[in-house]
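# Structure at a glance
Read off the chains here:
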Amino acid sequence: MMTTQTRHINPYIVGRPIYDQESFFGRRKLFRFIEDNLKQNTQVVLLHGQRRIGKSSVLMQIPNFVGLGEFVFIYFDLHDKTRLPLDSILQNLASTIADKLNIPQSESLSLNYKTVFSDEFLPQVIEVLKEQKRKMVWLLDEFDVLNDQTPDSPVESFFPYLETLIGQYNNLFIIPVIGRRVEDLTNLKSLFRQAVNQEIGLLEKSDAKALITEPAAHYLNYDSQAIDAILELSSGHPYFTQVICNALFLQAEEEDKSEITCDDVTKIVDDAIETAEGGLAWFRDGLPIPERVVFSAVAQAEKMAEKKNNSVTEEPLKLLREYGVIITEALNKAPENLVQWELLERVENSEFHYKIKVKLVRYWLVKRYPLRQAIWDLEKVDLDACRLFELAEDIAENRNLSSSDIYEQIAKLNPNHFTALFKLAEDYLDTKNYQKALEKYNRAYKVDPTRAYEGYELTRKEKYKIWWNENRLIIIFPLLFTGFNLLVEYTKQPVFVLIISFVSGVLITIVVNTAFKLILFLILLISKK
């Protein structure tokens, strides 16, 4: 039992790399893969994985688990160096190497430090390592941040320079980690065309169980159902497993208990989501916009299926259409991309039905990014459309155009610019173009029923009024004629025919008009539901 006299430090680590070997679990196959390739003198071993999967922790643990005494490992983080010129990056790297090997760093103030690094500093380092019969491995964290295509990005010079160094020194090795697939990083393809690569994925079940139970083994006991419930929520993702166990530890401490049950896991889901909020947002923000929207669509589809106790989820693209989204090429590709990035998996025996791998992520998406909110991100996919929208009123005024002409151009650039869609619906309503207004409002109502409701209803009423005014004679006269003939046939009294037919005509007109209005009212009433 965790009494107030025996409080312990929470052993579950959230939001930072794991430096301590005893706190690190799993990845033994990955470390063997790295060790085997270093033994075979493979100079570039590329590691890749999704955000928060533990890439930095893996890099930091390589010296602890890759038992090769002939190698010296140099950890170097590129995360905060995206805006630095190549010379500054190399000076930082040289300083890190010098500190690790306890050798002097070149004091050269040359503006062309890359020459100093390759021709003076690096040969000195290689010579020292030769004497020690060791080789050097650079562990390059956040390597793909340098792929950023900004005007002052070092990408154009750093990658070719690194490729030259690897070709020049056969006892220099690099192990970079990236958060995206190599195919998505065009500038890295030449460097990695001969590299072996390995994904840093979800933990194996046995390793995930160890991560749950071993850190707090002396004062917490997880029953088997609790472990299964944690694994169901995290799917063996190390970050989310730590988040859940962190919340369970705090709850156990607060309730002064040492046994963790399945009910305890259920109770801390909201706390776990709150603890992981920053990491979850960063996790999602790393996705392109179409993938973010499809991610929320799958979460919504799973929620709907769960509510109906249905094992089959709705197709995410079909669901998006129901929300007024036009499916673009990027949206069509998004589900497959998410599967490749191991964020989604296909439902068994189905090509177009998916589920989110990590259930805790799904709960968070439904809570923080419900689909009706998430689809609005699609407005940002086309920068030209965004810029044109900002200037729409000025352009229309200066070029003597109607604002609807500009909004139609925006819709062509980005058919899912919903603000432009609503503007178009409003403009067409104002100009009494009810046909086009209804067309736009029909879709706008799917996007946001609350916002579209007033204009939608007004447009429908006006359109039905126009229809009735145009068609009421066509409806009424046949009825009058029929009524007249019937009266003549059944009364057989010419004296009363005109009187009766006149009265019946008036009554039929009133009845038909009233009946039509009643039908129209019922149609509108039913459609609201």
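Quick look at the structure, then. If you're wondering where the values come from, they're calculated on a predicted model, not measured in any experiment.

Taken as a whole, this structure holds 23 salt bridges when the rule is applied. Glu 35 is the partner of Lys 39 in a salt bridge, and the nearest nitrogen-oxygen pair spans 3.5 Å. Taken together, the positions of Lys 39 and Glu 35, both in helix 1 (residues 28–39) and four residues apart, correspond to about one turn of that helix. With a shortest N-O distance of 2.9 Å, Asp 264 and Lys 257 are connected by a salt bridge. Of the residues examined, Asp 264 reaches a relative accessible area of 2% and is grouped as buried. Residues participating in the shared-partner salt-bridge network are Arg 284, Asp 285, Arg 292, Asp 377 and Lys 380.

The next point concerns helix 13 (residues 289–307). Here helix 13 is 19 residues long and its end C-alpha atoms lie 27 Å apart, about the 27 Å a rise of 1.5 Å per residue gives. Among the 19 residues in helix 13, 15 count as buried, and that is most of the element.

Attention shifts here to the packing of aromatic side chains. Taken as a whole and assessed by the stated rule, the structure comprises 13 aromatic pairs. Between Phe 31 and Phe 65, the ring centres sit 5.0 Å apart and the planes meet at 0°, which makes this aromatic pair stacked. A residue pair is termed long-range when its members are at least 10 positions apart, and Phe 31 in helix 1 and Phe 65 in helix 2 (residues 55–65) qualify at 34 residues. Across the pair, exposure class does not vary: Phe 31 and Phe 65 are buried alike. Between Trp 376 and Phe 422 the ring centres are 6.2 Å apart and the planes differ by 25°, which places this aromatic pair in the stacked class. With a gap of 46 residues between them, Trp 376 in the loop between helix 17 (371–374) and helix 18 (383–390) and Phe 422 in helix 21 (residues 418–430) connect regions that are remote in the sequence.

Conventions adopted
- Residues numbered from 1 in each chain as written.
- Predicted model: local features only at pLDDT ≥ 70, side-chain atom pairs only at ≥ 80, totals over all residues.
- Heavy atoms only, no water.
- Salt bridge = Lys/Arg side-chain N within 4 Å of Asp/Glu carboxyl O.
- Helix = DSSP H or I, 4+ residues; strand = E, 2+ residues; numbered from the N terminus.
- Buried < 20%, exposed > 50% of the residue type's maximum accessible area, 1.4 Å probe, protein only.
- Expected span 1.5 Å × (residues − 1).
- Phe/Tyr/Trp six-rings, centres within 6.5 Å; stacked < 30°, edge-to-face > 60°.

Note that all results are geometric; they support no functional claim without further evidence.
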